[in-house]
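Residue-level listing of the chains:
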Amino acid sequence: MEELLIWFTVLLGFLILSFIIMCIVLMKTTTPYPVVERAEEEKSFLNTNEGLRILFPSIEDPFSVLLSVIVPAYDEEKRLPPMLDECFEFLEARRRDSVRFTYEVIVVSDGSKDRTVEVAQRYTREYGANQCRVLDLRTNRGKGGAVRLGMQSARGAVLLFADADGATKFSDLTKLEESLKELVKGDYLVEAERISNEVALVCGSRAHLEQEAIATRSLFRTLLMHGFHLLVWLLCVRSVRDTQCGFKLLTREATRLCFRSLHVERWAFDVELLYLAERLNIPLSEVCVTWTEIDGSKIVPVWSWLQMGRDLFLIWLRYMIGAWKIHSKHK
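Conventions adopted
- Residues numbered from 1 in each chain as written.
- Predicted model: local features only at pLDDT ≥ 70, side-chain atom pairs only at ≥ 80, totals over all residues.
- Heavy atoms only, no water.
- Helix = DSSP H or I, 4+ residues; strand = E, 2+ residues; numbered from the N terminus.
- Rg over C-alpha atoms; globule rule 2.2 N^0.38 Å.
- Buried < 20%, exposed > 50% of the residue type's maximum accessible area, 1.4 Å probe, protein only.
- Contact = heavy atoms within 4.5 Å.
- Areas by Shrake-Rupley, 256 points an atom, 1.4 Å probe, with all protein chains shown as cover.
- Lys, Arg positive; Asp, Glu negative; His and termini not counted.
- Charge placed at Lys NZ, Arg CZ, Asp CG, Glu CD.
- Pairing = 2+ DSSP bridges.
- Axes fitted to C-alpha atoms, helices over the stretch in contact; angles between N-to-C directions.
- Phe/Tyr/Trp six-rings, centres within 6.5 Å; stacked < 30°, edge-to-face > 60°.
- Polar contact = N/O pair within 3.5 Å; in protein donor to acceptor, adjacent residues only side chain to side chain.
- 1 Å grid on protein atoms, 1.4 Å probe; cavity = no way out; pocket = protein on both sides within 12 Å on 5 of 7 lines; lining within 4 Å.
- Points joined across faces, edges and corners; volume = space filled by probe spheres on them.
- Nonpolar A, V, L, I, M, F, W, Y, C, P; charged D, E, K, R; others polar.

Caption draft 1: The overall build of the chain, seen in detail. Counting secondary structure elements, the chain contains 11 helices and nine strands. Since a compact globule built from 331 residues should have a radius of gyration of about 20 Å, the 21 Å found for the chain is in line with a globular shape. Seen through its C-alpha atoms, the chain measures out along the principal axes to roughly 80 × 45 × 45 Å. Evaluated residue by residue, the chain yields a buried proportion of 50% over its 331 residues. Taking all contacts inside the chain whose residues are at least 6 apart in sequence as the whole, residues at least 24 apart take part in 81%. Total accessible area on the chain stands at roughly 16200 Å², and carbon and sulfur atoms take up 59% of it. Computed over 42 positive and 45 negative side-chain charges, the inter-centroid distance for the chain is 3 Å.

Caption draft 2: Examining the sheet that holds strand β8 (residues 247–251) more closely. The seven strands are arranged β5-β4-β3-β6-β8-β7-β9 in an open sheet whose pairing can be described as mixed. Each end of this open sheet is capped by a strand with a single partner; those strands are β5 (132–137) and β9 (284–288). Neighbour-to-neighbour, the strand axes of the sheet open up by a mean angle of 20°, direction not taken into account. Relative to strand β6 (residues 156–162), strand β3 (residues 65–73) runs parallel, the two sharing five bridges. Looking at β6, one finds that Ser68 is bridged to Leu159.

Caption draft 3: Representation of the packing of aromatic side chains in the model. Under the criterion given, the structure shown has 12 aromatic pairs. Their ring planes at 5° and their centres at 4.2 Å tell us that Phe88 and Tyr127 sit as a pair that is stacked. Here Phe88 is found in helix α2 (residues 80–97), whereas its partner Tyr127 is found in helix α3 (residues 116–127), with 39 residues between them in sequence. The exposure class assigned to Phe88 is buried, which follows from its relative accessible area of 0%.

Caption draft 4: Highlighting the side chain of Arg256. Mapped onto the elements of the fold, Arg256 is located in helix α9 (residues 252–261). Polar side-chain contacts of Arg256 include one of 2.8 Å to the backbone oxygen of Ile59.

Caption draft 5: Structural view of unusual backbone geometry. Positive phi outside glycine occurs at Asp75, with the angle close to 50°. Within the fold, Asp75 resides in the loop between β3 and α2. Residue classification places Asp75 among the partly exposed residues on the basis of a relative accessible area of 26%. Positive phi outside glycine occurs at Asn281, with the angle close to 60°.

Caption draft 6: Structural context of the layout of surface pockets. Roughly 230 Å³ of volume is contained in the second largest pocket. Around the second largest pocket, the lining is made up of 14 residues, and of these His263, Val264, Glu265, Arg318 and Trp324 lie nearest the centre. Of all the elements, helix α11 (residues 301–321) adds the most residues to the lining of the second largest pocket, at four residues. When the residues that make up the lining of the second largest pocket are grouped by side-chain class, the tally is seven nonpolar, three polar and four charged.

Caption draft 7: View of the environment of Val232. Summarising the element assignment, Val232 is placed in helix α8 (residues 219–236). On the accessibility criterion, Val232 (4% relative accessible area) is buried. A C-alpha to C-alpha distance of 36 Å links Val232 and Gln131, two positions 101 residues apart in sequence. Apart from residues no more than four positions distant in its own chain, Val232 is found in contact with Val237, Thr243, Val271 and Leu312.

Now the structure itself:
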């Protein structure tokens, strides 16, 4: 018994020392604020109808359209067209109903190796560069990196990012807009100037479909899913059940605040985004949306969840020890 106690003490001491060393390494090797690199050719987009390259604006500029839709896409030449068809059909119908409504769609090709850029530029030709722009990243950044650069290049009073697979019905945007009205006490379609400077974030959610999903999953995958949700709740986000749904609506000021401090560029970026929103006291809501699983997902169920679990721990640890800091400047 005494020998077992000695071994336990040694093991505990080793773990504590390892944790301290890891914290020191993180402090020494981590920049407190994200360093976002952007190649010169990534600062502009091609107006295919005129053959000219035009500089993207900045999220720090005042808004000039009502709605920006950011679509991160990595090797999505097959799944992108149905999603964009639905997106533009909805937005164009709204524009016909109201001459005041203005929008843009920014497709961010995240270092795609297939014809994603060519496919997206067809919509620039069809709808014009004022409605559709393609941000062609030279190298793969990860979904979070692609969303960040798209958001930082947008003109909208409010901004939506939506997955390229079209798993969420685009018309559910109206549900998110209704929730946004409640958070900011107004309609951005009517009070764009004021709403753009408010802070709010609305999350599309698949939480209501959880029981149906469990029925089709193996026990192992179900345990992993619950373990991931538990880690999210324990370490990072407690106000939103489904952090990973790729359908989120933000005001322009909330976008500025959150994406200034966002470090994670891979799958776990949604968690850090919501963690930042909670820390910055940005009003949050979660709205059920229609969701259909689309073949071709880039997520590898077990491996991706393990990677995200590691990232969750590192998000919590880096902010806890001050290796990462949060910009808190608000107008």
